[in-house]
Amino acid sequence: GESVGLHLPTLSVQEGDNSIINCAYSNSASDYFIWYKQESGKGPQFIIDIRSNMDKRQGQRVTVLLNKTVKHLSLQIAATQPGDSAVYFCAERAYFGNEKLTFGTGTRLTIIP
Amino acid sequence: DTGVSQNPRHKITKRGQNVTFRCDPISEHNRLYWYRQTLGQGPEFLTYFQNEAQLEKSRLLSDRFSAERPKGSFSTLEIQRTEQGDSAMYLCASSGRGVLTDTQYFGPGTRLTVL
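Parameters and conventions
- Residues numbered from 1 in each chain as written.
- Chains lettered and ligands numbered in written order.
- Predicted model: local features only at pLDDT ≥ 70, side-chain atom pairs only at ≥ 80, totals over all residues.
- Heavy atoms only, no water.
- Phe/Tyr/Trp six-rings, centres within 6.5 Å; stacked < 30°, edge-to-face > 60°.
- Buried < 20%, exposed > 50% of the residue type's maximum accessible area, 1.4 Å probe, protein only.
- Helix = DSSP H or I, 4+ residues; strand = E, 2+ residues; numbered from the N terminus.
- Lys NZ or Arg CZ within 6 Å of the ring centre and 35° of its normal.
- Pairing = 2+ DSSP bridges.
- Axes fitted to C-alpha atoms, helices over the stretch in contact; angles between N-to-C directions.

Let's shift gears to the packing of aromatic side chains. Counting across every chain of the model gives twelve aromatic pairs over all chains. Centroid distance Tyr25 of chain A to Phe33 of chain A: 4.6 Å. Interplanar angle 50 degrees. Geometry classified as tilted. A single burial state applies to Tyr25 of chain A and to Phe33 of chain A, both of which are buried. Pairing Phe21 of chain B with Tyr90 of chain B gives two aromatic rings, centres 5.5 Å apart and planes at 40 degrees, and the pair type is tilted. Taken as a pair, Phe21 of chain B in strand S3 (residues 19-24) and Tyr90 of chain B in strand S9 (residues 88-95) lie far apart in primary sequence, 69 residues in all. For Tyr90 of chain B, a relative accessible area of 0% puts it in the buried group. In this structure an aromatic cluster arises from ring pairing among Tyr36, Phe89 and Phe103 of chain A together with Tyr35, Phe45 and Phe106 of chain B. The ring of Phe74 of chain B has Arg22 of chain B lying over it, and the distance from NZ or CZ to the ring centre is 3.9 Å.

Written as structure tokens, this is what we have:
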């Protein structure tokens, strides 16, 4: 069945360094992937998304990489700042027209000053 | 603020009571979603509306749960005869009209505590 998982539950990174958060998915038919950031007591905040016909997409200080061969997704955050400390979730959509997102359990990113 | 709003932000109730939550989506969005999130977990899909039509419901949505979106704008989620296992954050999200406007934007959530 569908599943989205994260390799590491916690990640600590020195301020100013780059961070990489990884995510594995099992449904090869998934057509859309999205990363969210969630701070304590708040709802998930959209960071960046990517469709299955792309390998890479860049935003402001963030890059998402999609490797469909090994069903792996990663989020790279450049020059991390204290405000980047949060839990990061990847989510997938099984196919176009299926609006349900399936989330993983999240990775807690802590930025060390 | 033009984002998704949810009310109330917090709700404490006793087991067996009914509760109702409200979600106001981003104004131009026609799709609205409800998710539930328990501590340490990612959000789990509950149900989804396109305009006023409820198009999909998760198996998580038991008979005690009902969601409505009567005029295709705001939505309500009601839980009848609450149980302690219903304690969670209830999240609402909305997305736009077009084929490539898939991004679901979330509200701040309603945290439910059932005593």
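We now examine the sheet that holds strand S7 (residues 65-68) of chain B. Residues and elements named next belong to chain B. Spatial ordering of the open sheet is given by S1-S3-S8-S7, a layout of four strands whose pairing is antiparallel. At either margin of the open sheet sits one strand with a lone partner, and together these are strand S1 (5-7) and S7. Shown here is a sheet whose adjacent strand axes are inclined to one another by a mean of 15 degrees, direction ignored. Of the pairings in the sheet, the one linking S7 to strand S8 (residues 75-79) comprises four bridges and is antiparallel in character.

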